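Spelled out from the first residue to the last, the chains are:
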Amino acid sequence: MKRRVVVTGVGLVSSLGVGTEENWKALCAGCSGIGSITRFDASQFSTRIAGEVKNFDPLQFIAKKDVKKMDVFIQYAIAAAEFAVHDAGLEVTPEIAERVGVFIASGIGGFSAIEREHRVLLKDGPKKISPFFIPSVIINLAAGQVSIRFGAKGPNSATVTACSASAHAVGDAFEIISRGAADVMIAGGSEAAITPLGVGGFAAMRALSKRNDEPTRASRPFDRDRDGFIIGEGAGVVILEEYEHAQARKAPLYAELVGYGMSGDAFHVTAPSENADGAVRAIRAALGRGECRPDQVDYVNAHGTSTPYNDRLETLAIKTVFGDHANQLAVSSTKSMTGHLLGAAGGLEAGITALAIRRQTLPPTINLDTPDPDCDLDYVPGSARSATVRYALSNSFGFGGTNAVLLFKRCDS
């Protein structure tokens, strides 16, 4: 018998703020976190804007002696996990430690530390490379450090599936609890790729917006004049918990996670197929796993990257799965405000979707001034909206044709 899984805590760090409530308020206000890059001199780059996390002080979450042992993506993961664990009122005692696991993903990992130590190697030679270098950049060390922080001795792993990574982490954590291998999972993702190589690499692919003079208007999913995505950074972590375990300790119930679908496009390294087949199959798999009819879904938190291909084909996928009901759905892209957090996007957006269900409020898609004729759904343009949300999907699609879809349900009982 499959066990029920609920979300009992949410921790968010993004360009909109450090902390869950700060992020939620900014999302509902339709604020943009996008601005000029300050992390390095971007004057020679074709894209000079990004969604940087502002006013982040690692010393609020990590001892001073340990900060230098962790790349920024690990620091963000710890901060988001702290917010989520506190929000859930969770205490990992020795009695439950082996039933509490951690599954935190990243698409790229410790880019800034890799670039820094490479400069050290070229300038001063191999003997000057930091002994903390390797443990600070390995992707699974976000999960490792979080598990050490809280004493969580249960299943521990990390997915590395590009922009689907943390949605896969949440989905895999859901399956771990469902089959009885853990009672609680700290799950999500973290990313910190606003570096010269990160920005330069995506710019070389012509994937990024060049709307440098209007940073807050640059991320514009589903808009006719979109010209690429905006790199964001941060982390999103949720506490997943077996339903009766959560009830026994009177934990807050944000939403029930009932479905998880995954698929592969087997088509192209970066582009989805023209019929959106992979996304369609992942959405249908999530609905099937959750025993949910398409007409029961009220909201989709879209992958919605603000790239010409993705937005058009995600819209096509939604129409294909939902048929006439697609016109009754609310669909929004919170990347219009946060930018695209790459491997952390799914974790951040899973948390946002759970909040939308708990608070029966839909965050908007901003900068949707002139909808693309091929993007003709209700994208909650401009401002947040109160709504009845029974079931909601969170979509994540990654390079390599890897797709992950999460299905959440309102906790009525």
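These numbers come from a predicted model, not from an experiment. (Residues numbered from 1 in each chain as written. Predicted model: local features only at pLDDT ≥ 70, side-chain atom pairs only at ≥ 80, totals over all residues. Heavy atoms only, no water.)

Trainee: Quick question: what am I supposed to make of the packing of aromatic side chains here?
Mentor: Under the definition given, this model contains seven aromatic pairs. Relative to Tyr 76, the ring of Phe 56 has its centre 4.9 Å away and its plane inclined at 80°; by these criteria the two rings are edge-to-face. Taken together, the positions of Phe 56 in the loop between β4 (49-50) and α2 (64-67) and Tyr 76 in helix α3 (residues 72-88) put the pair 20 residues apart, joining distant regions of the chain. Since its relative accessible area comes to 17%, Phe 56 is described here as buried. Taking the relative accessible area as the measure of exposure, Tyr 76 reaches 2% and is therefore buried. Judged by centre distance (4.0 Å) and plane angle (10°), the ring pair of Phe 222 and Tyr 379 falls under stacked. With a gap of 157 residues between them, Phe 222 in the loop between α8 (196-204) and β8 (234-242) and Tyr 379 in the loop between β12 (361-362) and β13 (385-386) connect regions that are remote in the sequence. Here Tyr 379 falls in the buried class, since its relative accessible area comes to 2%. Within the aromatic cluster, the residues linked to one another by ring pairs are Phe 56, Phe 61, Tyr 76 and Phe 83. The aromatic ring of Tyr 243 is capped on one face by Arg 4, whose charged end is 4.0 Å from the ring centroid. The side chain of Arg 358 reaches across the aromatic face of Tyr 254, ending 4.7 Å from its centre. (Phe/Tyr/Trp six-rings, centres within 6.5 Å; stacked < 30°, edge-to-face > 60°. Helix = DSSP H or I, 4+ residues; strand = E, 2+ residues; numbered from the N terminus. Buried < 20%, exposed > 50% of the residue type's maximum accessible area, 1.4 Å probe, protein only. Lys NZ or Arg CZ within 6 Å of the ring centre and 35° of its normal.)

Trainee: Help me understand the packing of helix α10 (residues 277-289) against helix α11 (residues 308-322) in this model?
Mentor: A pair of packed helices is captured by two measures, namely the crossing angle of their axes and the spacing between those axes. One can describe the packing of α10 onto α11 by two numbers: an axis separation of 9 Å at closest approach and a directional angle of 45°. Classed by the angle they form, the pair α10 and α11 counts as oblique. Where α10 crosses over α11, the two elements pack in a sense that is right-handed. Listed contacts from α11 to Ala 279, Val 280, Ile 283, Arg 284 and Leu 287 of α10 are Ala 317, Thr 320, Val 321 and Phe 322. Grouping the constituent residues of the contact of α10 with α11 by class yields seven nonpolar, one polar and one charged. (Axes fitted to C-alpha atoms, helices over the stretch in contact; angles between N-to-C directions. Parallel < 35°, antiparallel > 145°, perpendicular 65-115°, else oblique. Left-handed = near helix turned anticlockwise from the far one by under 90°. Contact = heavy atoms within 4.5 Å. Nonpolar A, V, L, I, M, F, W, Y, C, P; charged D, E, K, R; others polar.)

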